[in-house]
Protein chains: 2
Amino acid sequence: MRGVVMHGPGDVRVEDRDDPRIVHPTDAVIRLSATCICGSDLWPYRGEDEVHDAPMGHEYVGVVEEVGSDVRNVKPGQFVVGSFVSSDNTCEICAAGYQSRCVQGELMGNIGTQAQYARIPLADGTLVATPGMPPDALIPSLLAASDVLGTGWFAAVAADAGPGKVVTVVGDGAVGLLGVMAARQLGAERIIVMSRHRDRQALAREFGATDVVEERGDEGVAAIKDLTGGLGAHSVIEAVGTQQSMMQAISATRPGGHVGFVGLSHDVNLPGDELFFSMVHLHGGLAPVRRFLPELIRLIWNGKIDPGKVFDLSLPLADAAEGYKAMDERRAIKVLLTV
Amino acid sequence: MRGVVMHGPGDVRVEDRDDPRIVHPTDAVIRLSATCICGSDLWPYRGEDEVHDAPMGHEYVGVVEEVGSDVRNVKPGQFVVGSFVSSDNTCEICAAGYQSRCVQGELMGNIGTQAQYARIPLADGTLVATPGMPPDALIPSLLAASDVLGTGWFAAVAADAGPGKVVTVVGDGAVGLLGVMAARQLGAERIIVMSRHRDRQALAREFGATDVVEERGDEGVAAIKDLTGGLGAHSVIEAVGTQQSMMQAISATRPGGHVGFVGLSHDVNLPGDELFFSMVHLHGGLAPVRRFLPELIRLIWNGKIDPGKVFDLSLPLADAAEGYKAMDERRAIKVLLTV
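Small disclaimer: the values here were computed from a predicted structure and weren't measured.

The rules we used
- Residues numbered from 1 in each chain as written.
- Chains lettered and ligands numbered in written order.
- Predicted model: local features only at pLDDT ≥ 70, side-chain atom pairs only at ≥ 80, totals over all residues.
- Heavy atoms only, no water.
- Helix = DSSP H or I, 4+ residues; strand = E, 2+ residues; numbered from the N terminus.
- Rg over C-alpha atoms; globule rule 2.2 N^0.38 Å.
- Buried < 20%, exposed > 50% of the residue type's maximum accessible area, 1.4 Å probe, protein only.
- Areas by Shrake-Rupley, 256 points an atom, 1.4 Å probe, with all protein chains shown as cover.
- Lys, Arg positive; Asp, Glu negative; His and termini not counted.
- Charge placed at Lys NZ, Arg CZ, Asp CG, Glu CD.
- Contact = heavy atoms within 4.5 Å.
- Salt bridge = Lys/Arg side-chain N within 4 Å of Asp/Glu carboxyl O.
- Polar contact = N/O pair within 3.5 Å; in protein donor to acceptor, adjacent residues only side chain to side chain.
- Pairing = 2+ DSSP bridges.
- UniProt positions renumbered as here; feature names shortened; annotations may be inferred.
- Least-squares fit on C-alpha atoms with pLDDT ≥ 70 in both.

**Observations regarding the overall build of chain A**
Next, step 1: Counting its secondary structure elements, chain A contains 12 helices and 19 strands.
Next, step 2: Over its C-alpha atoms chain A spans a radius of gyration of 19 Å, differing by no more than 12% from the 20 Å that the globule rule assigns to 339 residues.
Next, step 3: In terms of overall dimensions, chain A has a C-alpha envelope of 60 × 40 × 40 Å along the principal axes.
Next, step 4: The 339 residues of chain A split such that 62% are buried.
Next, step 5: In the form shown here, chain A has an accessible surface area of approximately 12300 Å², with 47% of it arising from carbon and sulfur atoms.
Next, step 6: Charge separation in chain A, taken as the distance between the mean sites of 29 positive and 43 negative side-chain charges, equals 5 Å.

Quick look at the structure:
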C-alpha cells in the first residue's frame, strides 16, 4: 500500500509500505476513506521533535476490511471512527473515561494512519461504527471526531464549560476552534477566542465565539480580565502547548476556575507558586477521545455540528508533502487527505 | 499588648506591640484565647523566605472585643473562629467557594495573630461564631479549624476523596495528618499515609489511615502502585510543597485521578510534558478555609472529630521562641500558644 513516511524534518514522502495484517486476535484492519495532518505532526516536521523514517498519522475513518477472531463489536463492511489512541474500553482507567491512558493502549501515531490501510489494535474498544455508510459530505466531520473535535471537546469538558460560564480559548488552530464549538454545544454563555487571524476569527464566530481578543501574553490576560469584571474567565481552553500559552491560560482564569489544556506540551515548566496562588483547576493532556465518540458521531450524523469545516485544504494522499508544507506555512488550518 | 515578632531567621521575640483598634467599619478586634505556629512560619525562620521585624501568626480563636459600625454577624462577647485570609464572603469569588482569593481579602499573616489581640478585617465574612462559649478542651480543635484542619479538608476535597476512593497523603505534618482525617470523614475507602515517623504514623492511623508507606520518591510511588493494582491512587493529598513531594503526588495518582495540593510551593516547577501525560486533575493552593468553617465547627462541637490532637506541645505565648525551635527541630508536630 501507499503511506506517508517522514524521513527527517521537512522530508515527507508517500511511498510503498507493507500492507497491514491482523497481528493479534483483537485487531482489525481498515481501508481508510480519509486521514489528515495534525498540528502535532508539525513538531517533528519542524525538527522540534526527533524523527527518522517514521510512518505518520494518527487520525482516521474508513471501512473495516478484516477483523481478528476475538473482535465482536465491529465487522467487515462497517464504516468506523476511532481515537488516536487504541483502548480496550474495559479496564479501570477506560471505565473512568480515560481511554487515552488505557492500560493496554497504544498511540496510533506509531502505526501511521496516513496510508491506504491501517491495523487498529483493540478494535472492539477503539472503533465506533457509524449508523450506516456516511455520505461523502459527512466524512470530514467524522474524521475530525477522531482527534481534533474529540480533543477540543475534552478541553471544554476539562475546563468545565457550561451554562452561565465565560469561556476563553487560547489557540486558534483546529483544536482551539473546535473547543469553541464544544463550549457552545455545552451551553457556555460567552466564548472569547484569542486569535490574530481574520479567517480563523471568522470560523470561530461561526462555531459560536461571541468575542475576539487579539492581544497575547500579559496584554491578552488584561483584555480577558477587562471582559470579565476584573476576575478572569470561569473556563479556559488551552490548545497550543507552549510556556506562554499555558501561563496565559492560567492567568486568564479566575480563582476557582478551570483550565482545560490539550496543546501538546513543549518546554513547559509551570512555576509552583503561581499555580498555588492562582487557585485554578488544571486538567488536560492526551484527550480520551473515545469517551466522547458515540456522542460526537450522533451530533454529526444528525447534522447538529459540522466540525469538518476546519479542513480548509483537501488533497489526495499522494500530495501529503504539499499538505505538510501548507500547514507549516499556516496557509491551511488543517489538511484532509483523501485516500 | 504582647505579640510575636520575627526579627530575622531564627530570631523570634515576644515583645510589646501596639494594641489593635478598629480601622475600617467592617473590622472587629478579638482577644485571642489561643494561637499557634504554622509549618509555613518555618520558611522565614529557616531563612528560606525573607523576613525583617515581622509580626507573626495567622491562626486564631478568641472572643470578640469590639466591632466596627458596619459589622452585623458577630458581636462582642462571642467566641469566634476565622480563616487565615479575611474575606467578605459575598463577592463572586467567595460565592464560588474561593474565599482565600476574595477580591477584598487580606492575609492574616500580615496582621500577626501570635498576640493577645488582633484586628480582623471584613469581620462579617471572615469570622464564624461558635454555638456558645467552648469548654477549654475544645479550644485546640477549634484553633486547628482556623488553618491546618481547613487546609487538610480543602486538600481532601480538591483531591476528590470520597466513597470507593483510595487516597494517598504525601506529608505527615499537621496538614497531612488532618488531610487523613478529612478523607476519612469524606468516606474514603482506603487511606495510605506516606510517613517515616512512628509517632506521626500512629496519629495518622488514629485519624483513619489504613496503610503506611515509608518509602519516598520513585520507591514511594512504586509502593503506592503496588497497593493499587499498578494504577496509582484515585486521590492524592500533597501537603509539603517541594518539587519532590509534588512530583511524588502526581506520579502516585492514576490517570483521571485528582491531586489536591496545599503545601506552600517552594522552588517547584512542574514539567508540562509529565503533567500532560499524567492526565491527573491538579487543584489546590491557598485553602479557602472559610468555605468549610461552619461544617468543621459543627463536627468539632458535636465531638465527631478531634483535630486538636495535632498539637503535641502547648506553651504560653511568652515562650513562642521555644515553640518555633521545637517545630524547627521536629520535636513537635504543631505548637499551640496559650494567650
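**Points about the interface of chain B and chain A**
Next, step 1: In this assembly, 36 residues from chain B lie in contact with 36 residues from chain A.
Next, step 2: Summed over the shared surface of chain B and chain A, the number is 2 salt bridges.
Next, step 3: Between Arg254(B) and Glu92(A) there is a salt bridge, with the nearest N and O atoms lying 2.8 Å from each other.
Next, step 4: At the boundary of chain B and chain A, one finds 16 residue pairs in polar contact (both at pLDDT 80 or more).
Next, step 5: The element best represented in the side of chain B that touches chain A is helix 10 (residues 272-278) of chain B, accounting for 6 residues.
Next, step 6: Pairing of strand 17 (residues 281-284) of chain A with strand 17 (residues 281-284) of chain B involves 3 bridges; the strand directions are antiparallel. Bridge pairing in strand 17 of chain B links His281(A) to His283(B).

**Quick notes on the UniProt feature "domain: Alcohol dehydrogenase-like N-terminal" (unreviewed entry) in chain A**
Next, step 1: Within the UniProt annotation, "domain: Alcohol dehydrogenase-like N-terminal" (unreviewed entry) is assigned to residues 25-122 of chain A.
Next, step 2: Secondary structure content for residues 25-122 of chain A is 8% helix and 31% strand, while the C-alpha to C-alpha distance between its ends is 9 Å.

**Let's talk about the relation of the copies chain B and chain A**
Superposition of the two copies of the chain requires a rotation about an axis and a shift along the axis.
Next, step 1: Between chain B and chain A, which share one sequence, the superposing operator has a rotation angle of 180° and an axial displacement of 0.0 Å; the RMSD is 0.0 Å. The superposition of one copy onto the other is thereby described by a two-fold rotation axis.
Next, step 2: Both copies share a contact surface, since 100% of the interface residues of chain B are interface residues in chain A too.

**Quick word on the environment of Glu66(A)**
Residue and element names in this part refer to chain A.
Next, step 1: By the secondary structure assignment, Glu66 is in strand 5 (residues 61-67).
Next, step 2: For the pair formed by Glu66 and Pro76, sequence separation is 10 residues and the distance between their alpha carbons is 5.5 Å.
Next, step 3: Every residue in contact with Glu66, bar those within four places of it in the chain, is listed here: Ile22, Ala28, Val29 and Pro76.

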